[in-house]
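Read off the chains here:
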Amino acid sequence: MDSPITMNHIFDLESEFLAIFELCKAETMTSIERMYALYQATCYVLDCDVPGDFVECGVWRGGSVMLMAYTLLSRGCTDRTIWLYDTFDGGPPPGDNDVQEISGRRAQDILDERERSEDDPFWAIAPRALVESNLQRTGYPMQCFRFISGDVMVTMPGESPARLAVLRLDTDWYQSTRHELKHLYPRLSPGGVLIIDDYGYWRGARKATDEYFQTVDTRPLLNRIDYTGRICVKPFEGR
């Protein structure tokens, strides 16, 4: 799990972000560094007028989407659609490529030794009703949230936005990450932002990302956020 937040983490961060983070942090497992990257991505696409919707794949309790919504509201924006892809009952089973980088252990072995419970972060179970309740607290228009329930391997690309400005992927496993990139990255507007949450934590997420970007004409600079998160701005040339 992430280390405690100290002054070394926050002394240079905007007061607006810190206030928003306080409202979201109980509903996310994401580090303050990755939450700040998402805040910056949201501000960037608004400042640069990058067209498109916002998407998160793997939302757990909705903390990251809450941060998107609060940030949009802080900038006077209430008309961007935010898509939430999740089973809302925990993730599908991991595959052979899904290995914890720090330990070298298979994800399935880790799950097998833990009780399936909403209290266990590895299972990432959060009912849709809980997520909706958290999002209602933000004050962002509820009609702007699109809930896509189910395995992304089934729901995508049938239910997908035509154009994206921010794409955040946090479904952990190789198959889902590869599938999401295949179907959503081409829809990300030039100048749009991609965030991969588990690139450094689960080997499958890294493998899927690296393999996918070998297939595009113009590869982006995938920059490190923290030990696991990666971020890039989609180039204005290529696909």
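Before reading on, note that the structure itself is shown above.
Predicted model only: the values in this text are computed from it and were never measured.

### Brief notes about the environment of R203
Turning to step 1, where the next piece is worked out: Within the secondary structure, R203 is located in helix α9 (residues 203-213).
Turning to step 2, where the next piece is worked out: C-alpha of R203 to C-alpha of D109: the two residues are 94 residues apart in sequence and 15 Å apart in space.
Turning to step 3, where the next piece is worked out: Among all residues touching R203, those that are not within four sequence positions of it are N97, V99, E101 and G104.
Turning to step 4, where the next piece is worked out: Within the structure, the side chain of R203 is placed 3.0 Å from the side chain of E101, a separation counted as a polar contact.

### A look at the pattern of salt bridges
Turning to step 1, where the next piece is worked out: Tallied over the full model, the rule gives 16 salt bridges.
Turning to step 2, where the next piece is worked out: Here R114 and D120 are joined by a salt bridge, their closest N and O atoms 2.8 Å apart.
Turning to step 3, where the next piece is worked out: Taken together, the shared-partner salt bridges connect R34, E56, R168, D170, D197 and D226 into one network.

### Looking at the sheet that holds strand β6 (residues 223-224)
Sheet strands associate in pairs through backbone hydrogen bonding, adopting either a parallel or an antiparallel arrangement.
Turning to step 1, where the next piece is worked out: Taken in spatial order, the seven strands of this open sheet run β3-β2-β1-β4-β5-β7-β6, and their pairing is mixed. Each of the sheet's edge strands pairs with one partner strand only, and the pair in question is β3 (145-149) and β6.
Turning to step 2, where the next piece is worked out: In the packing of helix α3 (residues 32-47) onto the sheet, the strands contacted are β1 (53-57), β4 (164-169), β5 (188-196) and β7 (230-233), and the crossing angle to β5 comes to about 175°.

### Some details on the pairing of β5
Turning to step 1, where the next piece is worked out: Extensive coverage of β5 is indicated by the burial of eight of its nine residues.
Turning to step 2, where the next piece is worked out: In this structure, β4 lies alongside β5, joined through five bridges in parallel fashion. The residue bridging R168 from the neighbouring strand is I195, located in β5.
Turning to step 3, where the next piece is worked out: Each parallel crossover has a hand, and for β4 linked through helix α8 (residues 174-184) to β5 it is right-handed.
Turning to step 4, where the next piece is worked out: With four bridges connecting them, β5 and β7 associate as antiparallel partners. Among the inter-strand pairings, L194 is bridged to a residue of β7, identified as C232.

### A short note on unusual backbone geometry
Turning to step 1, where the next piece is worked out: Put simply, M156 and P157 share a cis peptide bond, and its omega is 15°.
Turning to step 2, where the next piece is worked out: For P157, the location among the structural elements is in the loop between α7 (152-155) and β4.
Turning to step 3, where the next piece is worked out: Even without a glycine there, the phi angle at D49 is positive, about 55°.
Turning to step 4, where the next piece is worked out: Here D49 shows up in the loop between α3 and β1.
Turning to step 5, where the next piece is worked out: Phi at F88 takes a positive value of approximately 60°, unusual for a residue other than glycine.
Turning to step 6, where the next piece is worked out: Relative to the assigned elements, F88 resides in the loop between β2 (82-86) and α5 (107-112).

### A look at α8
Turning to step 1, where the next piece is worked out: For α8, a buried count of eight out of 11 residues is recorded, marking the element as mostly surrounded by other parts of the structure.
Turning to step 2, where the next piece is worked out: Inspection of α8 places Y174, S176, T177, H179, E180, L181, H183 and L184 among the buried residues, and these make up the whole buried set.
Turning to step 3, where the next piece is worked out: Those residues of α8 that are buried are in contact with β1, α7, β4, β5 and α9.

Conventions used here
- The written sequence of each chain sets the order in which its residues are numbered from 1.
- Where local features are concerned, this predicted model is filtered to residues with pLDDT of at least 70; where side-chain atom pairs are given and counted, the filter is 80 or more; whole-chain, interface and lining totals use all residues.
- Derived side-chain values reflect all non-hydrogen atoms in the structure, with water molecules and hydrogen atoms excluded from consideration.
- In this description a helix means any DSSP run of H or I spanning at least four residues, a strand means any run of E spanning at least two, and both kinds are numbered starting from the N terminus.
- By definition, residues are in contact when any of their heavy atoms lie within 4.5 Å.
- Within 3.5 Å is the distance limit for a polar contact, defined as a pair of N or O atoms, with the added protein rule that one can donate a hydrogen and the other accept it, and that residues adjacent in sequence qualify only through two side-chain atoms.
- Definition used for salt bridges: Asp or Glu carboxyl oxygen within 4 Å of a side-chain nitrogen of Lys or Arg.
- Two strands qualify as a pair provided that DSSP identifies no fewer than 2 bridges between them.
- Helix axes use the C-alpha atoms of the stretch in contact, all axes being lines fitted to C-alpha atoms, and the angles between their N-to-C directions lie in the range 0 to 180 degrees.
- Burial status follows relative accessibility: with a 1.4 Å probe on protein chains alone, a residue under 20% of its type maximum counts as buried, one over 50% as exposed, and anything between as partly exposed.
- By convention a crossover is right-handed if, when the strands point away from the viewer, the path from the first strand over the helix to the second runs clockwise.

Shape descriptors only; they carry no functional weight alone.
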